[in-house]
Each structure stands twice: as structure tokens, then as C-alpha cells.
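Structural features, examined
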Amino acid sequence: MTVQFDINQIRQQFPALNQDCNGQPLVYLDSAATTQKPKIVIETIQQYYSGHNANVHRGSHALTAAATTQFEQARETVQRFINAKHNKEIIWTRGATEALNLIAQTYARQNLKPGDEILVSELEHHANIVPWQIVAEQTGAKVVKIPMNPDCTLDMDAFHQSLNKQTKIVAVAHITNVTGTRNPIEKIIADAHQYGAVAVIDGAQAVAHEKVDVQALDADFYVFSGHKIFAPAGIGVLYGKYDLLDAMPPWHGGGKMVEKVSFEGTTFSAVPGKFEAGTPNVAGSLALAAAIDWLTALDQQASEAHIHKLRQQALNGIKDIEDLRIVGLQPDASLFSFVVDGVHHQDIATLLDQQGIALRAGHHCAHPMLDALGLSGTLRVSLALYNTEQDVERFIAALHKACSLL
């Protein structure tokens, strides 16, 4: 059943928002970095450790049996959330970063050879660049940049020109973290497949704002982090098509990912177990499932409309500030980045922080994109469904005051 969107009720579910910062009520505008957590997520973690704490897929006592059942039910929740064909296609990781490294060090390292090419967009977070550079050095493959247009959208003409028979992997973000650019991943995946390449999609910024159907997308791999979607840090998801996962070697070795170990040789567990060595983040998995259930019960269309209305309110309120420039403004995004010419972004962020405004300043772990723009950093306002018109009014007033002092 869909729950009607009520900002007052939603706001009450996030205890971390009800605090002061530098003597001022907190205005949290950094949700693209990490979201705050609703009570149901916090309670899920507390309930697990206070009453259900046990390891999973080990032992025969009642606690471990109950924990294992909940752990696998959480996997099924993620499966339904992104419409994977099978729950075995859901691999638990520490986050999107670990998931991308896993793909690079298993699928890519096993399949790439000298002369092969990995296409990576210029708009990527470092997590979707560095793992490919590492595996390219290990295998003799080559990372090829897909450049962006001046408006911070992907240059699709350049992408098509770069595709060739040497292209083995195409790695792009679903939605980018600096400007909120929504890449045309449907077209990118289909075009990659035309050349026999595998498509890897970083969905860290997308899953909280857009319904994802990995089967409809035909994505080969899709990754996201729990902490971007109201769940804790330290839990994430790697989705992969079963045939790809089944053919991939393990990455980490240890308990749980084996069938039999001897000094003569080791046999590994089937998917997904062979990729989940050691004691997993059981509480994180359960909390991620709780966050997904909480989010999907809301009116998603109303939630996104609320966010877009707030973003427009913010843009209207700061447009007359002298020398302020919006960087790569995108339609229907949950965030925007800006600079004030002649003023360092960190100085503005410091003055905003003193007024209780929390936002991101810097390069956003996206050096290549900022380099292409000729910028050392930007300020980024990223909104979530728990933000209010009063939050935006506070931000607008604080930014005007900061700029008047600099």
C-alpha cells in the first residue's frame, strides 16, 4: 500500500535532523554524500543486535537459523527492488565502491587481454574510474575516456565513435554525483551489447530517486550503496547476470565462500556465496531491506515532485547573487552545483557551516570532470525527501550573507 507523502510525518522519522550545528538548527543539504536514517532503519539495527545477533549460514542453533532466514529475506527484498531475475544475482558488498572493484578484479581481470578497451565516462566518481585503471594495468587493456559536452552531459557521438571490436566493458553512472546528469543508460547498454561489450552501471545516485529494473535495462552489472538510500554505511549491492557471476572467479577467500578446503585444493561455493567471504554485515543487510521497504511504501512521484520543487526554490533564491554560476544545471535532478567566481568554495562552505548549513564543497571525488570544467571544486546542494521549504529559505539567507562577507 502506498503511503501518502506528508513532509511533517517524514521529517519526524529522522532523529538526526533534530539537532543544532554550531549553535544553529541543522539544515542538511548533503544527501548525495550520504542520507540520514529513518527510525525504522535505526530500530532494525538495534533489534538485530539486541535479540537476533548470530552468524549466518553457520551452526545449527535457533539464533543462527533465524538470522540466516532474515539475511536471505533481505536479499530477496533487494531482488524485488531492482527486479533481478533471481535472488542469487544479488551479492552483498560493503558498498558500490567494493562492488565495482569486485567486478574489475574478477570479471574484468579474467577476461581482458592486451589491446582490449574499457570505455569510462568523464563524469564518473573515482570509484568507477580507478578500479578500471588498476585492472587495465594488470591485464594490458586500455581505459578510454568518453568525454562530456559543455553542458555536463555525456558526448554520445564520441561514445559511438569509441565503440569498436576491442571494446569489452562500458562503465557509466546512471546519475552523476556532481551535477545530477542522468545518462541515457538504456541506449548505452544496448549499444555496448551491439559490440559484445559488457555494461557496468553505477547506480549509487539513482536508486533513491528512480525505479530501477535491471531486466528491462538489460544491465550486465548494476551496483549501489545502502547509505545513499537511507540505509547504514558499510552495506551495498552488486547485481550481476547469473551466467556472468557463475563464470567469475572468487575475489576474497575465507569462510562461507567454500565447499571444501584442503591443502590439496579448495572447491568454492556457488553464487552468491563464493563472493561473500567471511562474516557478512548481517545488520546492514537487514537495515537496507528495511530502508527499501520504507522508501517503496511512499508515493515516489510525490516525493520526487517535492524535491524538485525545493530545488527550484533554491535556484530562484540565489540566482541574483553576483558572480554565482550554476555548473551544468540538469532538469529534474535532486541536486545542483555552483561556484562564486573569485571566492574559494571552501570559504563559502565554512561560513555556511557556521550558520548550520551542511553541504558539500570540493571536487566530489570526480577530479576528471572538474578538470574538464577548469574548476578546483564546487559547492553542491543535494536534497532529499526530508528537506523542507524552511531548510531552503535558511540556505538562501545564509548564502547571501556568506557572499556579502567575502
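Before any of the text, the structure's been laid out above.
So, here's what we can say about the structure. The structure presented is a predicted model; accordingly, all values stated were derived computationally and were not measured.

Quick look at the sheet that holds strand β14 (residues 335–340)
Strand order in the open sheet formed by 4 strands is β13-β14-β17-β16, with antiparallel pairing between adjacent strands. Both outer strands of the open sheet, β13 (324–327) and β16 (360–362), are each paired with one neighbouring strand and no more. Strand after strand, the sheet turns through a mean of 30° between neighbouring axes, direction not considered. Relative to strand β17 (residues 378–382), β14 runs antiparallel, the two sharing 4 bridges. Looking at β17, one finds that F338 is bridged to L379. On the sheet, helix α12 (residues 345–354) packs against β14, β16 and β17 and is oriented at approximately 40° with respect to β17. Taken strand by strand, helix α14 (residues 389–405) contacts β13, β14 and β17, and its axis lies near 15° from that of β14.

Here we look at the packing of helix α3 (residues 62–82) against helix α10 (residues 282–297)
Running from N to C, α3 and α10 cross one another at 40°; their axes reach a closest spacing of 9 Å. Taken as axis vectors, α3 and α10 run oblique relative to one another. Considering how the two elements wind past one another, α3 and α10 form a crossing that is left-handed. Two secondary-structure elements touch here, α3 through Q70, F71, A74, T77, V78 and F81 and α10 through V282, S285, L286, L288, A289, I292, D293 and T296. Classifying every residue of the contact of α3 with α10 by side-chain character gives 9 nonpolar, 4 polar and 1 charged.

A look at the packing of aromatic side chains
Throughout the structure, instances matching the rule amount to 11 aromatic pairs. Following the ring pairs from residue to residue traces out a cluster consisting of F14, F230, W294 and Y386.

What to know about the sheet that holds strand β9 (residues 221–225)
The 7 strands lie next to each other as β4-β10-β9-β8-β7-β5-β6, forming an open sheet whose pairing is mixed. Single-partner strands in this sheet number two, and they are β4 (90–93) and β6 (142–146). Between one strand axis and the next, the sheet turns by 20° as a mean value, whatever way the strands run. In this sheet, strand β7 (residues 167–173) lies alongside strand β5 (residues 117–121) in parallel orientation, the contact comprising 4 bridges. Residue V120 lies in a different strand from β7, and its bridge partner there is A171.

Analysis parameters
Residues numbered from 1 in each chain as written. Predicted model: local features only at pLDDT ≥ 70, side-chain atom pairs only at ≥ 80, totals over all residues. Heavy atoms only, no water. Pairing = 2+ DSSP bridges. Helix = DSSP H or I, 4+ residues; strand = E, 2+ residues; numbered from the N terminus. Axes fitted to C-alpha atoms, helices over the stretch in contact; angles between N-to-C directions. Contact = heavy atoms within 4.5 Å. Parallel < 35°, antiparallel > 145°, perpendicular 65-115°, else oblique. Left-handed = near helix turned anticlockwise from the far one by under 90°. Nonpolar A, V, L, I, M, F, W, Y, C, P; charged D, E, K, R; others polar. Phe/Tyr/Trp six-rings, centres within 6.5 Å; stacked < 30°, edge-to-face > 60°.

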